[in-house]
Amino acid sequence: MNSLTITRPDDWHLHLRDGDMLAAVVPDTARQFARAIVMPNLDPPVTTTEQAIAYRRRILDVVPGELNFDPLMTLYLTDQTSPDEIGIDPCVHAVKWYPAGATTNSSRGVSDISRCYGVLEKMQQHDVPLLVHGEVTDADVDVFDREQVFIERYLVPVTERFPGLRVVLEHVTTSQGVEFVKASSDRIAATITAHHLLLNRNALFTGGLRPHHYCLPVLKREEHRRALVEAATSGNPKFFLGTDSAPHAKNAKESGCGCAGMYTALAAVELYTEVFEEAGALDRLEAFASFYGADFYGLPRNSDTITLQREAWRVPEVLSLDHAELVPFRAAEMMQWKLAG
Ligand code: DOR
Ligand code: ZN
């Protein structure tokens, strides 16, 4: 097969940032995806509906004129979030739970989820999904075990307490995460990134320290990567595409304390296509990329299509922005598929 046409996909987990970075990255996503769930971890974070509406406008302002792109906004949950923020405006599609200190700009995240029960109750009533960064932050829990421990300590109790709440375990990275989602009700789903499907934790240390392969949750062992590929390509509607593309300037990645995140948005659909081809499951790419997420969020599936062609091309070594440089995922290496048009 040298050409593949599928319904236009959506990205159900994306970081777009703000200002110059926002303007630089939006076109890459908007070329491929019709919609994206936009993460609220700006500095300061998007904690109110009013801020989400204003951020949405700033995103739309930098969408190239010839493209249609619909940013789906999220609110950043804090210990102080009021239930009154829920259900005010249809542009807000979900609420994001960052455990305080778990990742980029999470210092204002949740320190004690029981303080948010009133908000979760209202979300359950209004059917607003809770998006979860599923990692504990305790220094005594090994960084590779943080997802599994989070599920046991926090996610299981919360989903039992709010059985009607829709929950997405974002960027699932472990076989334990996959098993939890599979065994849960239809209200519990997970997004899977391209980088966690393509790389295991050896990629952090290939020939030296590789800061561009550092993300959170951190890459895991090969057995976990295989479990993710199995889940993504299985045709189970609980698993759908979410890139977690998370741009940081080159100097912020190549640093004594480098930021977490990979910029995969440059060729996201092509990366997923490679994974599905390698797994012999190209016929299941469309549902994973374009159907299951929309179905979970109760939104219509897209009606137009994209076409991927088998074509070898080299990813640029670096992207030059106005005031910074950005190193894309797979910089200076080859891709096997290319989005047409
Ligand atoms: O690698 C990551 N980068 N993981 C996250 O959870 C946040 C993201 C970011 O915003 O940079
Ligand atoms: Zn993220």
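Report on the accompanying structure. In this text, all values refer to a predicted model and were calculated from it rather than measured experimentally. (Residues numbered from 1 in each chain as written. Chains lettered and ligands numbered in written order. Predicted model: local features only at pLDDT ≥ 70, side-chain atom pairs only at ≥ 80, totals over all residues. Heavy atoms only, no water.)

## Some remarks on the sheet that holds strand β13 (residues 334-339)
Working step 1: The sheet built from three strands is open, its strands ordered β1-β10-β13 with antiparallel pairing. Looking at which strands have only one partner, the edges of the open sheet turn out to be β1 (3-7) and β13. On average, adjacent strands in this sheet sit at an angle of 35° to one another, irrespective of strand direction.
Working step 2: Of the pairings in the sheet, the one linking strand β10 (residues 305-314) to β13 comprises five bridges and is antiparallel in character. Residue pairing for β13: Arg 310 is matched across the bridge by Trp 337.
Working step 3: The strands that helix α10 (residues 285-297) touches are β1 and β10; relative to β1, the one it contacts most, it runs at about 30°. (Pairing = 2+ DSSP bridges. Helix = DSSP H or I, 4+ residues; strand = E, 2+ residues; numbered from the N terminus. Axes fitted to C-alpha atoms, helices over the stretch in contact; angles between N-to-C directions. Contact = heavy atoms within 4.5 Å.)

## Considering the packing of helix α4 (residues 146-161) against helix α5 (residues 175-183)
Packed helix pairs are characterised by how far apart their axes lie and by the angle those axes make with each other.
Working step 1: Where α4 contacts α5, the axes come no closer than 9 Å and their chain directions differ by 20°. Considered as vectors, α4 and α5 are oriented roughly parallel to each other. The handedness of the crossing between α4 and α5 comes out as right-handed. Contact with α4, carried on its side by Glu 147, Gln 148, Ile 151, Leu 155, Val 156 and Thr 159, involves Gln 176, Gly 177 and Phe 180 of α5 and no other residues of that element.
Working step 2: For the contact of α4 with α5, the residue count by class is four nonpolar, four polar and one charged. (Parallel < 35°, antiparallel > 145°, perpendicular 65-115°, else oblique. Left-handed = near helix turned anticlockwise from the far one by under 90°. Nonpolar A, V, L, I, M, F, W, Y, C, P; charged D, E, K, R; others polar.)

## Some thoughts on the sheet that holds strand β9 (residues 239-241)
Working step 1: Spatial strand order, β2-β3-β4-β5-β6-β7-β8-β9: eight strands in an open sheet with parallel pairing. Two strands bound the open sheet, and with one partner strand each, they are β2 (11-14) and β9. Sheet twist, expressed as the average angle between the axes of neighbouring strands with direction ignored, equals 30°.
Working step 2: Across three bridges, strand β8 (residues 188-192) lies against β9 in parallel orientation. Across the sheet, residue Thr 191 finds its bridge partner in β9, namely Phe 240.

## A look at the pattern of salt bridges
Opposite charge on two side chains allows them to pair when their charged atoms are near.
Working step 1: One pass over the full model with this rule turns up 16 salt bridges.
Working step 2: For Asp 127, the salt bridge is made with Arg 166, and the minimal N-O distance between the two is 3.0 Å. Note that Asp 127 is positioned in the loop between α3 (117-126) and β6 (130-132) and Arg 166 in the loop between α4 and β7 (167-169), a separation of 39 residues in sequence.
Working step 3: When its relative accessible area of 36% is taken as the criterion, Asp 127 is described as partly exposed.
Working step 4: For Glu 222, the salt bridge goes to Arg 226, with nearest N and O atoms at 3.2 Å. With Glu 222 and Arg 226 both in helix α7 (residues 222-233), this residue pair falls four residues apart, about one helical turn.
Working step 5: Given a relative accessible area of 55%, Arg 226 falls into the exposed group. (Salt bridge = Lys/Arg side-chain N within 4 Å of Asp/Glu carboxyl O. Buried < 20%, exposed > 50% of the residue type's maximum accessible area, 1.4 Å probe, protein only.)

## Side note on the site of ligand 1
Working step 1: The immediate surroundings of ligand 1 are formed by 13 residues, with Arg 17, Asn 41, Thr 104, Leu 216 and His 248 found nearest.
Working step 2: Contacts to ligand 1 include His 133, whose side-chain N or O atom sits 3.2 Å from an oxygen atom.
Working step 3: Broken down by class, the residue content of the shell around ligand 1 amounts to four nonpolar, seven polar and two charged. (Near = heavy atom within 4 Å. Polar contact = N/O pair within 3.5 Å; in protein donor to acceptor, adjacent residues only side chain to side chain.)

## Considering the coordination of the zinc ion (ligand 2)
Working step 1: Looking at the zinc ion (ligand 2), one finds its protein donor set to be His 13 (NE2), His 15 (NE2) and Asp 244 (OD), positioned 2.0 to 2.1 Å from the metal centre.
Working step 2: Here the donor residues of the zinc ion (ligand 2) share one chain and are spaced in sequence as H-x1-H-x228-D.
Working step 3: Classification of His 13 as buried rests on a relative accessible area of 1%.
Working step 4: Relative accessible area serves as the criterion here: at 7%, His 15 is assigned to the buried category. (Donors = N, O, S within 2.8 Å, 3.2 Å for Na, K, Ca; no water.)

## Some remarks on the nonpolar core
Working step 1: Among the nonpolar cores identified, the biggest contains 95 residues, and Leu 16, Ile 59, Leu 77, Trp 97, Met 123, Leu 130 and Ile 192 are the most heavily contacted of them.
Working step 2: With six residues, helix α9 (residues 268-278) is the single largest residue contributor to this core.
Working step 3: Setting aside anything within four residues of it in sequence, one finds Leu 130 in contact with Leu 77, Val 95, Trp 97, Leu 120, Met 123, Val 158, Leu 165, Arg 166, Val 167 and Val 168.
Working step 4: Grouped together as the second largest cluster of nonpolar side chains are 17 residues, Met 39, Ala 94, Val 168 and Ala 287 included. (Core = buried A, V, L, I, M, F, W, Y, C linked by side-chain atoms within 4.5 Å.)

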